[in-house]
Amino acid sequence: MQAARGASLTPSDSTTGLSVPHWSLFATVAVIGYLVDQLTKAWALETLDDRIIGVIGDWFTLRLVFNPGAAFSTGAEFTIVFTCLSTAAAVTVLFSRRVASKVWAVGLGALLAGVLGNLTDRVFREPEPFHGHVIDFLSFGDFPVFNVADVLINVAAGVIILQSLRGVSLDGSRDGDDDTPDDPDGADEASDDADASEENP
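Residues numbered from 1 in each chain as written. Predicted model: local features only at pLDDT ≥ 70, side-chain atom pairs only at ≥ 80, totals over all residues. Heavy atoms only, no water.

S.K.: Talk me through the overall build of the chain; I want residue IDs and the actual numbers.
M.R.: What the chain contains, in helices and strands, is 6 helices and 5 strands. Sequence-ordered secondary structure for the chain, helices as α and strands as β, is α-α-β-β-α-α-β-α-β-β-α. A separation of at least 24 residues holds for 64% of the contacts in the chain among residues at least 6 apart in sequence. Entry remark: accessible area of the chain is about 11,300 Å², with carbon and sulfur atoms responsible for 64%. (Helix = DSSP H or I, 4+ residues; strand = E, 2+ residues; numbered from the N terminus. Contact = heavy atoms within 4.5 Å. Areas by Shrake-Rupley, 256 points an atom, 1.4 Å probe, with all protein chains shown as cover.)

S.K.: Break down the sheet that holds strand 2 (residues 60-67) for me, citing the residues and quoting the values.
M.R.: Read across the open sheet, the 3 strands follow the order 1-2-3; overall the sheet is antiparallel. Looking along the sheet, the strands with just one partner apiece sit at the ends: strand 1 (52-56) and strand 3 (134-140). Sheet twist, expressed as the average angle between the axes of neighbouring strands with direction ignored, equals 35 degrees. Pairing of strand 1 with strand 2, which is carried by 4 bridges, proceeds in the antiparallel orientation. Directly across from I53, in strand 2, lies its bridge partner L62. (Pairing = 2+ DSSP bridges. Axes fitted to C-alpha atoms, helices over the stretch in contact; angles between N-to-C directions.)

S.K.: Residues and numbers for the pairing of strand 2, please.
M.R.: Linkage of strand 1 to strand 2, two consecutive antiparallel strands, is achieved through a turn of 3 residues, within which G57 is found at a positive phi near 55 degrees. When strand 2 meets strand 3, the two strands line up antiparallel, connected through 6 bridges. What sits directly across from F60, in strand 3, is F140.

S.K.: Can you tell me about the packing of aromatic side chains, naming the residues and giving the values?
M.R.: The description of an aromatic ring pair uses the distance of the two centres, along with the angle that the planes make with each other. Going through the model one piece at a time under the given rule, you end up with 5 aromatic pairs. Taking 4.5 Å as the distance between ring centres and 10 degrees as the angle between the ring planes, the aromatic pair formed by F60 and F140 counts as stacked. Highlighted residues: F60 in strand 2 and F140 in strand 3, separated in sequence by 80 residues. Look at F140 and you get partly exposed, because its relative accessible area is 30%. One aromatic cluster in this structure is built from W59, F60, F140, F143 and F146. (Phe/Tyr/Trp six-rings, centres within 6.5 Å; stacked < 30°, edge-to-face > 60°. Buried < 20%, exposed > 50% of the residue type's maximum accessible area, 1.4 Å probe, protein only.)

S.K.: Got a sec to walk through the packing of helix 4 (residues 102-124) against helix 5 (residues 148-166)? Specific residues and values, please.
M.R.: Where helix 4 meets helix 5, the axes come as close as 8 Å, and the angle between the chain directions of the two elements is 150 degrees. As far as their axial angle goes, helix 5 and helix 4 are roughly antiparallel. Every pair of crossing elements has a handedness; the one defined by helix 4 and helix 5 is left-handed. Contact with helix 4, carried on its side by V103, W104, G107, A110, L111, A113, G114, V115, G117 and N118, involves A149, D150, L152, I153, V155, A156, V159, I160, Q163 and R166 of helix 5 and no other residues of that element. Classifying every residue of the contact of helix 4 with helix 5 by side-chain character gives 13 nonpolar, 5 polar and 2 charged. (Parallel < 35°, antiparallel > 145°, perpendicular 65-115°, else oblique. Left-handed = near helix turned anticlockwise from the far one by under 90°. Nonpolar A, V, L, I, M, F, W, Y, C, P; charged D, E, K, R; others polar.)

S.K.: Give me a nonpolar patch on the surface: which residues, what numbers.
M.R.: A contiguous nonpolar surface patch, about 500 Å² in accessible area, is contributed by V55, I56, W59, F140 and F143. Mapping W59 onto the fold places it in the loop between strand 1 and strand 2. W59 sits in the exposed class, given a relative accessible area of 52%. (Patch = residues over 30% accessible without salt bridge, like charges linked within 9 Å, V, L, I, M, F, W, Y side chains within 5 Å. Salt bridge = Lys/Arg side-chain N within 4 Å of Asp/Glu carboxyl O.)

S.K.: Let's hear about the side chain of T120: which residues, and what values?
M.R.: Inspection of the secondary structure assignment puts T120 in helix 4. Among the residues examined, T120 registers a relative accessible area of 17% and is labelled buried. Beyond its immediate sequence surroundings of up to four residues, T120 is in contact with Y34, Q38 and R125.

S.K.: Describe the environment of F66, listing the residues and the values that go with them.
M.R.: By the element assignment, F66 lies in strand 2. For F66, a relative accessible area of 45% puts it in the partly exposed group. With 66 residues separating them in the primary sequence, F66 and G132 have C-alpha atoms 9.1 Å apart. Residue contacts for F66: discarding those within four places in its chain leaves L45, H133, V134 and I135.

Pasting the structure below:
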């Protein structure tokens, strides 16, 4: 009877696709992260120039660096390749429709913000379109200079590692227990569907 009426047969069925609350969380993290990255880069370009501002002595400073390559300024001659890879990553995240976990929504939102933040630099900044240099300005001692987008990408990497270790997939289910979603909201909705079907056989 459930199948005939189109009711959910298992709790995991209710987690297929990106629900409105999770989509809102994903979009909020992505938009705020992207805006913070771009605004701080604009501030660095306007304020730092040839200056070095010591925030915590020489341990944490703000200094403007134009990065033509990937992380740690490696592969400077392959800027266009990094642009293409960043574009592919952004598209992949946008089409991740099976996100039914709030933790995954935050992680993927941070990833999209970070990827788009650096991709914007590569596409629109000097010296030419799609070969632009990424704006970096955060410096810790001898560690390579980075930016807010890099921080967001590393946060996303941390979420991916955490969820992988916990065995939680994008749809909220855990390894070996497909009927147990990671998000309690999904479990509550599935329970309500089951109660309704019992009351109306």
